[in-house]
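Notes for the structure review
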Amino acid sequence: MSNEKQVDSGRRGLLAATCAVGGVAGLATAGAFVSTFQPSERAKAAGAPVEVDIAGMAPGEMKTVEWRGKPVWILKRSPEMVESLKKTDAQVADPKSERNKDDLTPEYARNEYRSIKPEILVAVGICSHLGCSPSSKFQAGAQPSLPDDWQGGFLCPCHGSTFDLAGRVFKNKPAPDNLQVPRHMYLSETKLVIGKDEKGEA
């Protein structure tokens, strides 16, 4: 092979290699550019509102969704559960949700039910003591770690704080406050949005 052909062949090889590298770089740049249009994990954690379909939920059923990296409970209370809140009024530390109300309880949930609709509780499932997640203890009556007159509610396994079926903390427990009720609103009879209400996003 002549020197001229060797040089020409070398040039073609160099050109092909350069194009290949450029193509990979171009694809990488395009990928990075496209990814900027997708919500980042940080943006998701920042708290975009979350829509929840509650159609078909049976009385006594609870579902959990994630909002701002936190578990949010949606509990459909049975008529008996709603009625039990009258019995726990005198036993809870903040029955009217007056403590830290601007942070913990929107105005429309500052009632006995701590909710817009009496049968639907929406609450952040994080104990106000040290941030543990309480367990659901909906069965009424005496049980381990619970009083004999237990009406149903939530038990934090870490240090024994208890909450009624409206997320109100019982007296003389380590948790200082009721469970948080996040801002929310109903889009229809069977769909609600968490993290947003008539005033806008939380």
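Everything here concerns the structure above.
The model shown is predicted, which means the values in this text are computed figures rather than measured ones.

Each value, and the rule that gives it
- Residues numbered from 1 in each chain as written.
- Predicted model: local features only at pLDDT ≥ 70, side-chain atom pairs only at ≥ 80, totals over all residues.
- Heavy atoms only, no water.
- Pairing = 2+ DSSP bridges.
- Helix = DSSP H or I, 4+ residues; strand = E, 2+ residues; numbered from the N terminus.
- Disulfide = S-S within 2.5 Å.
- Buried < 20%, exposed > 50% of the residue type's maximum accessible area, 1.4 Å probe, protein only.
- Axes fitted to C-alpha atoms, helices over the stretch in contact; angles between N-to-C directions.
- Salt bridge = Lys/Arg side-chain N within 4 Å of Asp/Glu carboxyl O.

A few points about the sheet that holds strand 7 (residues 162-163)
Each strand in a sheet pairs with its neighbour through backbone hydrogen bonds, running either in the same direction (parallel) or in the opposite one (antiparallel). In spatial order, the strands read 5-6-7; together these three strands make up an open sheet with antiparallel pairing. The open sheet terminates on both sides in strands that have one partner only, identified here as strand 5 (135-137) and strand 7. Here strand 5 runs beside strand 6 (residues 153-155); their pairing, made up of three bridges, is antiparallel. For Lys 137, the partnering residue across the bridge sits in strand 6 and is Gly 153.

Side note on the state of the cysteines
Enumeration over the complete set of coordinates arrives at one disulfide. A sulfur-sulfur separation of 2.2 Å characterises the disulfide bridge that pairs Cys 132 with Cys 158. Here the S-S torsion is close to -110°, and the disulfide linking Cys 132 with Cys 158 is therefore left-handed. Linking Cys 132 in the loop between strand 4 (120-124) and strand 5 with Cys 158 in the loop between strand 6 and strand 7, this pair joins segments that are 26 residues apart in sequence. Looking at Cys 158, the relative accessible area reads 38%, which means it is partly exposed. This cysteine, Cys 127, is not joined by any disulfide, and Cys 156 carries the nearest cysteine sulfur, 3.9 Å off. We classify Cys 127 as buried; its relative accessible area is 4%. The exposure class assigned to Cys 156 is buried, which follows from its relative accessible area of 3%.

With respect to the sheet that holds strand 8 (residues 184-188)
Read from one edge of the open sheet, three strands run 1-9-8, paired in antiparallel fashion. The open sheet has two edge strands with one neighbour each: strand 1 (50-53) and strand 8. Geometrically, the sheet is characterised by an average inter-axis angle of 30° between neighbouring strands, direction not taken into account. Pairing of strand 8 with strand 9 (residues 191-194), which is carried by four bridges, proceeds in the antiparallel orientation. Each residue of the ladder has a partner; that of His 184, found in strand 9, is Ile 194.

Observations concerning the pattern of salt bridges
Applying the stated criterion across every chain yields a total of six salt bridges. Between Glu 83 and Lys 86 there is a salt bridge, and its shortest N-O distance comes to 3.7 Å. Separated by three residues within a single helix, Glu 83 and Lys 86 lie in helix 3 (residues 79-88), roughly one turn from each other. A salt bridge links Asp 89 to Arg 168, with the nearest nitrogen and oxygen atoms 2.6 Å apart.

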